Amino acid sequence: MKMTKIYIVGTVGSGKSTFAHHLSMQYSIPHFELDNIVYDGNRKRTEIERDQLFNEILIQKDWVIEDVGRPCFQDGLKQADKVIYLNISPRILKRRIIKRYLLQKCGLEKANYAPTLVMLKQMFEWCQKDIDKRELFIEQLKSHSNQFISLNEHELRDFTL
């Protein structure tokens, strides 16, 4: 397989991590969650630390990166062979956020943060903000890549590279 660099973008609850993990396993490509580049546990990394870690990912031959579309990671979008936006319906996103919160609260799912009501509220706010600016965001993503793909929840199930 030729070099493959895939950048997956979506709001909280869109399935970025699950989809990135699936592609990583299917094609034997390393997978990186950029939340783990921004945060070291509960500590937010400095910009220098974050950028150094991110650049170490970008120089690799292959990668699957997933993120919410933070501006500090634009170089990844530019270097990606494919940019995939998970365009999931708001109803499903909200259901997934609640499910994730409950699973994390019960200790049945790993959390990179404390699953508190404050965090649950924050996730809903982030989600709504992303839904409100979705069309503009899609146009911005398209400008970074010749290989832009938008997948809804149905298309995601059957997607292959």
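Provided above is the structure to which this section pertains.
Everything numeric here is computed off the predicted structure, so don't read it as measured data. (Residues numbered from 1 in each chain as written. Predicted model: local features only at pLDDT ≥ 70, side-chain atom pairs only at ≥ 80, totals over all residues. Heavy atoms only, no water.)

Colleague: Kindly report on the overall build of the protein, identifying the contributing residues and their values.
Modeller: The secondary structure content of the protein amounts to 8 helices and 7 strands. At 15 Å, the protein has a C-alpha radius of gyration in line with the 15 Å of a compact globule built from 161 residues. For the protein, buried positions account for 40% of its 161 residues. Sequence separation of 24 or more characterises 72% of the internal contacts of the protein that already satisfy a separation of 6 or more. Surface summary for the protein: the accessible area is close to 9400 Å², and the carbon and sulfur share equals 54%. In the protein, the 25 positive side-chain charges and the 21 negative ones have mean positions that sit 4 Å from each other. (Helix = DSSP H or I, 4+ residues; strand = E, 2+ residues; numbered from the N terminus. Rg over C-alpha atoms; globule rule 2.2 N^0.38 Å. Buried < 20%, exposed > 50% of the residue type's maximum accessible area, 1.4 Å probe, protein only. Contact = heavy atoms within 4.5 Å. Areas by Shrake-Rupley, 256 points an atom, 1.4 Å probe, with all protein chains shown as cover. Lys, Arg positive; Asp, Glu negative; His and termini not counted. Charge placed at Lys NZ, Arg CZ, Asp CG, Glu CD.)

Colleague: Which residues make up helix 5 (residues 90-105), and what values do they have?
Modeller: Compared with the 22 Å implied by 1.5 Å per residue over 16 residues, the 23 Å span of helix 5 between its first and last C-alpha is a close match. The set of residues buried in helix 5 consists of Ile92, Leu93, Ile97, Tyr101 and Gln104. Here the buried face of helix 5 lies against helix 6 (117-132), helix 7 (134-144) and helix 8 (153-158). Glycine 107 occupies a position one or two residues after helix 5 and carries a positive phi of about 80 degrees. (Expected span 1.5 Å × (residues − 1).)

Colleague: Hey, could you go over the sheet that holds strand 7 (residues 148-151) for me, with residue numbers and the actual values?
Modeller: Strands sit in the order 2-5-1-6-7 across an open sheet of 5 strands; the sheet is parallel. Lying at the two open borders of the sheet, with one neighbouring strand each, are strand 2 (31-33) and strand 7. Each strand axis lies, on average, 20 degrees off the axis of its neighbour in the sheet, ignoring direction. Examined bridge by bridge, strand 2 and strand 5 (residues 63-67) share 3 bridges and lie parallel to one another. Paired with glutamate 33 across the bridge in strand 5 is glutamate 66. (Pairing = 2+ DSSP bridges. Axes fitted to C-alpha atoms, helices over the stretch in contact; angles between N-to-C directions.)

Colleague: Now, about the pairing of strand 1 (residues 5-9): what can you tell me, with residues and values included?
Modeller: Of all 5 residues making up strand 1, 5 are buried, and the element is well covered by its neighbours. Of the two faces of strand 1, the one holding Lys5, Tyr7 and Val9 and the one holding Ile6 and Ile8 are both buried throughout. Bridge count for strand 1 against strand 5 is 5 bridges, and the pairing is parallel. Its bridge partner being in strand 5, lysine 5 is matched across the sheet by tryptophan 63. Summarising the sheet, strand 1 and strand 6 (residues 82-86) pair through 4 bridges and their orientation is parallel. Bridge pairing in strand 6 places isoleucine 6 opposite lysine 82.

Colleague: Talk me through the packing of aromatic side chains; I want residue IDs and the actual numbers.
Modeller: Evaluation of the coordinates by the stated rule reveals 3 aromatic pairs. Centroid distance phenylalanine 54 to phenylalanine 73: 4.5 Å. Interplanar angle 55 degrees. Geometry classified as tilted. On the criterion of sequence distance, the pair formed by phenylalanine 54 in helix 3 (residues 47-58) and phenylalanine 73 in the loop between strand 5 and helix 4 (74-79) is long-range, its members being 19 residues apart. Using a relative accessible area of 0% as the deciding quantity, one classes phenylalanine 73 as buried. With 6.0 Å between their ring centres and 70 degrees between their planes, tyrosine 85 and phenylalanine 137 make a pair best called edge-to-face. Here phenylalanine 137 lies in helix 7 and tyrosine 85 lies in strand 6, a separation of 52 residues in the sequence. (Phe/Tyr/Trp six-rings, centres within 6.5 Å; stacked < 30°, edge-to-face > 60°.)

Colleague: With reference to specific residues and values, describe unusual backbone geometry.
Modeller: Not every positive phi belongs to a glycine, and serine 28 is a case in point at roughly 55 degrees. Mapped onto the secondary structure, serine 28 falls in the loop between helix 1 (16-27) and strand 2.

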